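# Observations on the model geometry
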Amino acid sequence: MISTAIWSAAMARRYNALSSLDLLHFLQLSIDSRTLELAQQCHARIHSSGLNQHSVLATKLISAYSACRSPFDSQCFFDSFETKNVYIYNTLINGFAKNRIFAQSILLFEQMWAGDVLPDEFTFSSIVKILGESGDFRSGQMVHCVCEKNGFVLDTVVGNSFMSLYVKNDRLSDALKVFDGMPVRNLSSWNVILLGYVRLKEKNLSNDLWDFVKAMQIEGWEFDAFTVSTLLSFCAEDRNTWYYGRELHCRVFKKSLNLEIGSDCDDHHLGCCLIDMYSKSSRLISARKVFEQLTHRNVFAWTSIVNGYVQNGIFKEACAFFFNMQIEGIKPNKVSLVSILPACSSLASLKGAKQVHGFAIKQNLSREVSFTNALMDTYVKTGSLSCARWVFEYGSVIKDIISWSTMILGYGLHGRGQEAVFMFNQMLDEGIKPDMITAVGVLSACARSGLVEEGIKIYDSLLNDHSVKPTLEMCSCMVDSFGRSGQLDRALEFINTMPMRPGPSVWGALLNASTLHGNREIRELSYKFLVQMEPENPSNYVSLSNLYASSQRWDAVSEVRRLMKDRGMHKSPGRSWIDIKSETHSFYISDKAHPCSDMIYERLDELSTTMKEAGLESEFESGIKLCE
């Protein structure tokens, strides 16, 4: 910042000798330092010197006010200028745009078009970017028509702006038409189209994308950091193209593109992109190597590697990275905190969730909607519904549909269906429209709590009153609701009248119900449909084999086992976690590796005996089979 004393001293020394060049110098200082007071003093000196109509000074003064977050002062000076030219218009239009006052920029463009000053290429390029930022796609198309009539679209910068507008609105075909009609292209032209392919994320366009990349190379264009990072993001989304990402990684080293996260250039993004690409391709060793090669690791690099381990289900390692990140003196940001919360959920670490929550409060990050939603979900999954409700009531300033859905799902998960229904009705009273996730949450809660008739009413209301289209998940909730209450015939009737073909989730719900109520006929029917729909799922074959074995149908057992052998399938053992005194214990089916396994099995035998004496033997056996 430039102090008033320094400015006053400079003005005093040169009071009688200030020229337009001096004023331009001081205006540039006000822009660089973003000092509004200095810009205002320059404005006063321009006025007292009779330089109000000096076009160069006027342009610089408008830029200074805009840089100092005072664009309406620019407007006042602009209005007093008698002979306006295209450069002054352009400066003021961009000044409002930089302050994100897009409506004023568009109004100025309309005034310019209606007046005597004709827009130039820079004007059109600027206004198209502004229309793209403001989401006014229709106006952008109208400006495109005007540009084509006047030949401006042939300009490379203007053409790039129109392509960017179309790409932002997922109109890749229109962007390609502009691209094909450009007589001169630069690297940005190619990069915009690449971004368009990546934004669509359609697998059927994968070949077109790589053909476009080959054409780019044939024409002799070298990749820059933006090109590489855009392609890496595409490779990350499509796991089948990770080897292209590996080739891009080689190109980074060959062309000496900078991987360093701490650098000031655009290349610093590449390290995070590579980590993300390898992580999403389940190649964590490569992701970690990239991370370790970065000598300047900032919060984005640490967050990328933490998120990579979380995505691959290696939660302990993710927590270790999160801990080491803070040891290195890097403070987690909002994205870091949201990334680590799923690890706390999966490890059932309530203590870890509370520590993350406490850190967020200290760093004033606890009010972010994305964080509070993730935190509520974590508290629900770690068994603390009261903490989740506290965050919902007092911790979140803004409650969106995800906030309400998380709490509804939480109550349902904990078997508190009445409270889930109450919260659902409360959400409707607040004027929030339910979506598919909310619908599944409340219907699932009704099923778990035996609220069959309530679930039917809500299901009908969702379809008829709230225009929610039925999904397989919603239908499986209804089947589960009928099945849990023992109404298996009604569940079958519902399946037969579904508006879509029943999927594995629907037959799985019926299977669980038939197992619970000991209905072998419906259970076998469910297994047969599941085997047809999921021929690569070994669990269905194992369960069907066990069912046949319990009925002593050994020929059927042999046939099922033969099918499994022919398809080379084997079932991975189930596993569960429990967190005791900040230590996570993991268990497999029939696991005896735990140091306390003898004591655990002894206790299980006692529970089994107690349940049999209480007449709960069938429920115990059903539970064991479902776990298997």
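Residues numbered from 1 in each chain as written. Predicted model: local features only at pLDDT ≥ 70, side-chain atom pairs only at ≥ 80, totals over all residues. Heavy atoms only, no water.

When you go through the protein chain residue by residue, the secondary structure sums to 35 helices and two strands. The 628 residues of the protein chain split such that 46% are buried. Pairs at least 24 apart in sequence give 57% of the contacts found in the protein chain among residues at least 6 apart. As displayed, the protein chain has an accessible area near 32600 Å², and 52% of this comes from carbon and sulfur atoms. (Helix = DSSP H or I, 4+ residues; strand = E, 2+ residues; numbered from the N terminus. Buried < 20%, exposed > 50% of the residue type's maximum accessible area, 1.4 Å probe, protein only. Contact = heavy atoms within 4.5 Å. Areas by Shrake-Rupley, 256 points an atom, 1.4 Å probe, with all protein chains shown as cover.)

So, on to the UniProt feature "repeat: PPR" (unreviewed entry) in the protein chain. The feature "repeat: PPR" (unreviewed entry), as given by UniProt, occupies residues 85–119, 155–189, 298–332 and 400–434 in the numbering adopted here. Note that residues 155–189 is 71% helix and 0% strand, and that its end C-alpha atoms are spaced 11 Å apart. In the segment residues 400–434, helix accounts for 74% and strand for 0%; the C-alpha atoms at its two ends are 11 Å apart. (UniProt positions renumbered as here; feature names shortened; annotations may be inferred.)

Before going further, it helps to spend a moment on helix H10 (residues 156–168). For H10, built from 13 residues, the straight-helix expectation of 18 Å at 1.5 Å per residue is met to within 8% by its first-to-last C-alpha distance of 18 Å. For H10, the buried fraction is high: 10 of the 13 residues fall into the buried class. Inspection of H10 places Thr156, Val158, Gly159, Asn160, Ser161, Phe162, Met163, Leu165, Tyr166 and Val167 among the buried residues, and these make up the whole buried set. Summarising the contacts, the buried residues of H10 are in contact with helix H8 (121–134), helix H9 (137–150), helix H11 (172–180) and helix H12 (187–200). Put simply, Asp155 is the residue that caps the front of H10, since its side-chain oxygen is 3.0 Å from the backbone nitrogen of Val157. Trailing H10 by a residue or two, Asp170 shows a phi angle of about 55°, which is positive. (Expected span 1.5 Å × (residues − 1). Polar contact = N/O pair within 3.5 Å; in protein donor to acceptor, adjacent residues only side chain to side chain.)

Glancing now at helix H29 (residues 488–496). For H29, every residue scored as buried is listed here: Leu488, Ala491, Leu492, Phe494 and Ile495. Burial along H29 is one-sided: seen end-on, the buried residues are contained in an arc of 160°. Within H29, the exposed residues directed more than 90 degrees away from the buried face are Asp489, Glu493 and Asn496. Lining the buried residues of H29 we find helix H27 (452–464), helix H28 (472–484), helix H30 (504–516) and helix H31 (520–533). (Arc of directions from axis to C-beta.)

On the surface, a cluster of nonpolar side chains totalling about 240 Å² of accessible area is made up of Leu409, Met436 and Ile437. Relative to the helices and strands, Leu409 resides in helix H24 (residues 401–413). (Patch = residues over 30% accessible without salt bridge, like charges linked within 9 Å, V, L, I, M, F, W, Y side chains within 5 Å. Salt bridge = Lys/Arg side-chain N within 4 Å of Asp/Glu carboxyl O.)

Interhelical geometry of helix H25 (residues 417–429) versus helix H26 (residues 436–448) gives an angle of 150° and a closest axis separation of 8 Å. The angle between H25 and H26 places the two elements in the roughly antiparallel class. Of the two elements, H25 crosses H26, and the hand of that crossing is left-handed. In contact with Gly417, Ala420, Val421, Phe424 and Met427 of H25, H26 contributes Thr438, Val442, Ala445 and Cys446. (Axes fitted to C-alpha atoms, helices over the stretch in contact; angles between N-to-C directions. Parallel < 35°, antiparallel > 145°, perpendicular 65-115°, else oblique. Left-handed = near helix turned anticlockwise from the far one by under 90°.)

Relative to the helices and strands, Ser336 resides in helix H20 (residues 334–346). Ignoring any residue separated from it by four or fewer positions in sequence, one finds Ser336 in contact with Val299, Thr303, Phe322 and Met325.

Moving on, we come to the confidence of the model for the protein chain. Of the residues in the protein chain, 83% have a pLDDT of 70 or more, and the chain-wide mean is 82. Here helix H35 (residues 617–627) is the element of the protein chain with the lowest mean pLDDT, 47, and H25 is the one with the highest, 94. Note that pLDDT drops below 50 for residues 12–17; the model gives that stretch three contacts with residues more than four away or on any other chain. Contacts from residues 260–267, a stretch scored under 50 in pLDDT, to residues over four places away or in other chains number 21 contacts. (pLDDT = per-residue confidence, 0-100.)

Quick look at the environment of Pro71 now. Within the secondary structure, Pro71 is located in helix H5 (residues 71–80). We classify Pro71 as buried; its relative accessible area is 5%. Expressed as a C-alpha distance, the spacing of Pro71 and Lys98, which sit 27 residues apart in the sequence, is 9.3 Å. With sequence-adjacent residues up to four places away left out, Pro71 is seen in contact with Tyr65, Leu92, Gly95, Phe96, Asn99 and Ile101.

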